[in-house]
Amino acid sequence: MKILFATSEVHPLIKTGGLADVSGSLPIALKTLGHDIRILLPAYSSVLEKITHKKIICRIKLAGYPEEINILEYTLPNTTLIVYLVDAPTYFNRPGKPYTTPDGYDWIDNADRFTLFSKIAATIALNQTQIEWQPDIVHANDWQTGLIPALLATEESRPGTLFTIHNLAYQGLYSYDTFKHLNLPQHLWSMHSMEFHGQLSFIKGGLTLADKITTVSPTYAREIKTSEYGYGLQKLLRQRSVDLTGIINGVDYSIWNPEDDPHIKHNYSHDNLENKVLNKRAIQQHFNLPETDVPMLSFIGRLVDQKGVNLILHALPKLLESPVQIVLLGSGDLYYEEELNKIKQQAPDKLALLIGYDEELAHLIQAGSDMLLMPSKYEPCGLNQLYSLKYGTIPIVRRTGGLVDTVIDTSPRSIKHNTATGFIFDESDHRSLTAIILKANHYYTDKKDVWNQLIINAMKQDYSWEISAIEYVDLYEQALIF
Ligand code: ADP
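Since we're looking at a predicted model, the values are computed, not measured.

(A) Representation of the pairing of strand β7 (residues 160-165). Of all six residues that make up β7, six are buried, and the element is covered over most of its length. Residues Gly160, Leu162 and Thr164 point to one face of β7 and Thr161, Phe163 and Ile165 to the other, with burial holding for every one of them. With five bridges connecting them, strand β6 (residues 137-141) and β7 associate as parallel partners. Of the residues in β7, the one forming a bridge with Val138 is Thr161. In the classification by handedness, the crossover that spans β6, the intervening helix α6 (residues 147-153) and the parallel β7 is right-handed. Here four bridges tie β7 to strand β11 (residues 212-215), and the two strands are oriented parallel to one another. Paired with Leu162 across the two strands is Lys212, which belongs to β11.

Below, the structure is given as structure tokens:
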């Protein structure tokens with residue numbers, strides 16, 4: 001099958017979160033299954049800086065745009081995977097992040113940027129370029145590409161379309177004036193298309209007009225059909241229930257594996273766990289924490305409401321009374337950054353905090369910590385808990401989304417059957433989080449045999465992409481018949 005995979009992030013070229021990890025690994029798994037999959041990505045300045053061998057494969061002239069747009073072809077290192085880069089300098093070649101300015105504000109022209117990107121995707125999908133390659137399927141991801149299924153829906157001899165929701169909270173909402181300014185077909189302004197309560201909703205393009213919809217875990221697929229998690233889109237998602245599937249994300253174990261992870265000095269597996277402790281020492285040295293054996297709890301991620309940072313913030317004072325070390329790596333809301341910093345000043349020998357984005361450190365923290373905190377309000381899939389399982393770092397998670405689908409709570413029954421891999425709590429409040437952490441600490445300190453078994457159970461979990469990739473192929477085949 002020929003598949004065009006349109007995405008706004010791909011690891012290792014550009015990453016702000018889990019979407020990049022998925023875009024950098026699912027296509028490789030699909031390629032291994034024998035499919036001709038090619039990625040389409042904006043040529044951000046930071047991407048252009050990273051890559052060397054690239055060539056212009058074609059130029060595209062879009063109606064209403066003054067200049068031709070170059071499409072560059074690049075092959076991802078150590079793979080045969082082709083990435084087409086949309087080289088539109090006015091839109092993408094600028095300092096800052098994919099969606100935000102260097103000081104953290106949304107780019108004012110994001111709607112223009114991803115409209116251009118989607119129009120290019122649609123043009124390639126309809127085989128109207130010199131690439132002379134028509135995909136059977138276009139796989140679009142998140143709001144930035146939601147317009148693609150909408151643009152294709154009315155075209156004859158179009159490919160099938162599949163839209164994946166990686167996070168329903170980000171919808172790409174803009175005013176009617178923006179809609180007019182974008183010069184989009186008027187029929188898209190309808191509640192059965194991209195209009196959402198008087199606004200233009202990019203994500204609705206995918207939700208209403210893609211042939212198939214997926215999200216990244218079965219539980220999240222159920223949750224988004226409820227008012228609690230649906231952001232007003234739950235009714236639409238319920239209407240599209242037969243076309244909506246949850247497929248759990250996989251892990252690229254060539255990047256996330258403690259046995260040969262190049263980012264850590266002390267590689268290990270479940271039968272030489274002594275080396276795991278050496279990574280804990282490396283973290284303690286890195287952050288100037290005492291080199292003791294108290295439980296080390298970590299958090300890696302965006303410092304935003306979704307990730308339950310508020311719960312951590314309020315749980316910290318009580319937790320810091322007990323013998324623990326807590327390591328936090330992330331960036332996000334200024335409020336959380338400042339509040340966490342204040343607490344760190346009061347407990348420098350127990351709390352380590354790095355505000356920023358540091359891939360190498362993320363690997364070390366996964367390797368050396370005893371537990372990983374994911375008290376998310378909602379979590380479409382979550383990748384960090386999947387990495388932590390592989391690293392024998394016991395996840396402590398809230399009962400939501402992909403966390404439920406991937407972590408097995410520690411109970412007398414799961415201990416007896418050697419299936420327990422982590423700790424799950426229910427209520428999204430700091431007392432529940434504190435209680436579950438204290439329970440986990442109790443196992444860590446007083447029930448070492450159970451704890452060691454948890455580590456082994458966790459490390460044996462297999463979330464490689466093969467199975468999930470086959471599920472995608474199944475859906476691509478169903479989308480083909482439209
Ligand atoms: P989300 O996509 O919602 O941000 P996920 O758990 O699905 O959350 O994926 C987050 C990815 O981003 C993981 O690979 C994680 O290691 C990485 N990550 C997040 N924040 C940081 C950070 N501050 N430094 C390094 N890696 C980070």
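(B) Geometry of the sheet that holds strand β12 (residues 244-246). A sheet is described by the order of its strands in space; here nine strands give the open sequence β3-β4-β5-β2-β1-β6-β7-β11-β12, paired in mixed fashion. Each of the sheet's edge strands pairs with one partner strand only, and the pair in question is β3 (54-60) and β12. For this sheet, the mean angle separating the axes of adjacent strands, direction not counted, is 25°. Looking at chain direction, strand β1 (residues 2-6) and strand β2 (residues 36-42) are connected through five bridges and run parallel. Bridge pairing in β2 places Lys2 opposite Asp36.

(C) Just the packing of aromatic side chains, in detail. Considering all chains together, one arrives at 21 aromatic pairs under this definition. Judged by centre distance (5.0 Å) and plane angle (45°), the rings of Phe179 and Trp189 are tilted. Here Trp189 lies in the loop between α7 (176-182) and β9 (195-196) and Phe179 lies in helix α7, a separation of ten residues in the sequence. Residue Phe179 is classed as buried on the basis of its relative accessible area, which comes to 1%. The ring centre of Tyr253 lies 4.6 Å from the NZ or CZ of Lys390, which sits over that ring.

(D) Structural view of the site of the ligand. Residues in contact with the ligand amount to 19 residues; listed here are only the nearest, Lys15, Gly18, Asp21, Arg302 and Gly356. Take Lys15: an N or O atom from its side chain is 2.8 Å from an oxygen atom of the ligand. Between the ligand and the protein, one listed contact pairs a nitrogen atom with a backbone N or O atom of Gly356 at 2.8 Å. Notes on the ligand: free accessible area 560 Å², of which the protein chains cover 92%. Listed by contribution, the elements that provide at least two residues to the shell around the ligand are α1 (18-23), β13 (296-303), β14 (325-332), α14 (359-368) and α15 (384-390). Per-element accounting of the shell around the ligand gives the leading share, three residues, to β13. Looking at the shell around the ligand, its residues break down into six nonpolar, seven polar and six charged. Residue assignment places the shell around the ligand across two domains, with domain 1 (2-250 + 465-479) and domain 2 (274-459) each supplying three or more.

(E) Broad picture of the pattern of salt bridges. As enumerated under the stated definition, the model contains twelve salt bridges in all. Across the pair Asp243 and Arg240 runs a salt bridge, and its minimum N-O distance is 2.9 Å. When its relative accessible area of 15% is taken as the criterion, Asp243 is described as buried. Judged by relative accessible area, Arg240 falls into the buried class, the value being 12%. Of the charged contacts, one joins Glu339 and Lys342 as a salt bridge, the two residues approaching to 2.9 Å between their closest N and O atoms. Linking Glu339 with Lys342, this pair stays in helix α13 (residues 334-346), spanning three residues, or about one helical turn. With relative accessibility at 21%, the residue Glu339 sits in the partly exposed group.

Definitions and cut-offs
Residues numbered from 1 in each chain as written. Predicted model: local features only at pLDDT ≥ 70, side-chain atom pairs only at ≥ 80, totals over all residues. Heavy atoms only, no water. Buried < 20%, exposed > 50% of the residue type's maximum accessible area, 1.4 Å probe, protein only. Helix = DSSP H or I, 4+ residues; strand = E, 2+ residues; numbered from the N terminus. Pairing = 2+ DSSP bridges. Right-handed = clockwise from strand over helix to strand, strands pointing away. Axes fitted to C-alpha atoms, helices over the stretch in contact; angles between N-to-C directions. Phe/Tyr/Trp six-rings, centres within 6.5 Å; stacked < 30°, edge-to-face > 60°. Lys NZ or Arg CZ within 6 Å of the ring centre and 35° of its normal. Near = heavy atom within 4 Å. Polar contact = N/O pair within 3.5 Å; in protein donor to acceptor, adjacent residues only side chain to side chain. Areas by Shrake-Rupley, 256 points an atom, 1.4 Å probe, with all protein chains shown as cover. Nonpolar A, V, L, I, M, F, W, Y, C, P; charged D, E, K, R; others polar. Domains from an automatic or database assignment. Salt bridge = Lys/Arg side-chain N within 4 Å of Asp/Glu carboxyl O.

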